[in-house]
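Fold and geometry: a report
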Amino acid sequence: MAFTYSEKVMDHFANPRNVGEIENADGIGEVGNSKCGDIMKMYIEVNDGVITDVKFKTFGCGAAIATSSMATELIKGKTIDEALKLTNKAVMEALDGLPPVKVHCSVLAEEAIRSAVADYYKRQGIDPEPIMGKIESAHEHTHEEFEE
Ligand code: FES
C-alpha cells in the first residue's frame, strides 16, 4: 500500500529538529507506543516555567521522528502549561496531516512531552498527577505488548 506524506512530514523526517539529549535536563520522559513498541525519550530544560530547550531521541518510525521534531519546535519557548495543551492532533495539523495508519505514531510525541513534564514536577517535589492526571509509563506499555 502506498502512503502519501506531506512535504512537511518529509522535511521533518529528513532533517529532524532538536534531536539529541540535554545534559542535566530538568525533566526526562520516556514512553513507548502501545501499538508498535517503538520508544521515545524527551529532554526538557525549564527556566521560570518556560521550556527553554527540548531535545528528543527515538527508536521509532519516520512518522514518529517527524511528529516529535515538529512537537519540539512547537513547545520550545512556551510555558509548561502551553506545552501540556499540545495535542497530537495539533502536531499533525502543523505537519499538514499524516496517513491514517500512522496517526498512532504522533501520540508518542505528545506522551513523551507529558512524561518529561511529569518528571520535571517530580524533581521539584511536586506530585504531577493532580495537575496532569495519570501519566503513562513506557515500561508498562511495552511489557503489555510483549506479553500478548
Ligand atoms: Fe511505531 Fe510509528 S510505527 S511510532
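Coordinates for the structure precede this section.
Please read these numbers as outputs of a predicted model, since none were measured by experiment.

The next point concerns the environment of Ile126. Summarising the element assignment, Ile126 is placed in the loop between α5 (103-123) and α6 (129-132). What makes Ile126 partly exposed here is its relative accessible area of 38%. The residues touching Ile126, leaving out its near neighbours within four places in the chain, are Tyr121 and Ile131.

Here we take up the sheet that holds strand β2 (residues 39-47). The strand order β1-β2-β3 describes an open sheet built from three strands, whose pairing is antiparallel. Of all the strands in the sheet, just β1 (27-32) and β3 (50-59) have a single pairing partner and so form its edges. Across the sheet, the mean angle separating the axes of adjacent strands is 15° when strand polarity is ignored. Of the pairings in the sheet, the one linking β2 to β3 comprises nine bridges and is antiparallel in character. Within the sheet, the bridge partner assigned to Met42 lies in β3 and is Phe56.

The subject of this paragraph is the packing of aromatic side chains. Two measures describe an aromatic ring pair: the distance that separates the ring centres and the angle between the ring planes. Evaluation of the coordinates by the stated rule reveals one aromatic pair. Relative to Tyr121, the ring of Tyr120 lies with its centre 5.8 Å away and its plane at 50°, an arrangement referred to as tilted. This pair shows no difference in class: Tyr120 is buried, exactly as Tyr121 is.

Cut-offs applied
Residues numbered from 1 in each chain as written. Predicted model: local features only at pLDDT ≥ 70, side-chain atom pairs only at ≥ 80, totals over all residues. Heavy atoms only, no water. Helix = DSSP H or I, 4+ residues; strand = E, 2+ residues; numbered from the N terminus. Buried < 20%, exposed > 50% of the residue type's maximum accessible area, 1.4 Å probe, protein only. Contact = heavy atoms within 4.5 Å. Pairing = 2+ DSSP bridges. Axes fitted to C-alpha atoms, helices over the stretch in contact; angles between N-to-C directions. Phe/Tyr/Trp six-rings, centres within 6.5 Å; stacked < 30°, edge-to-face > 60°.

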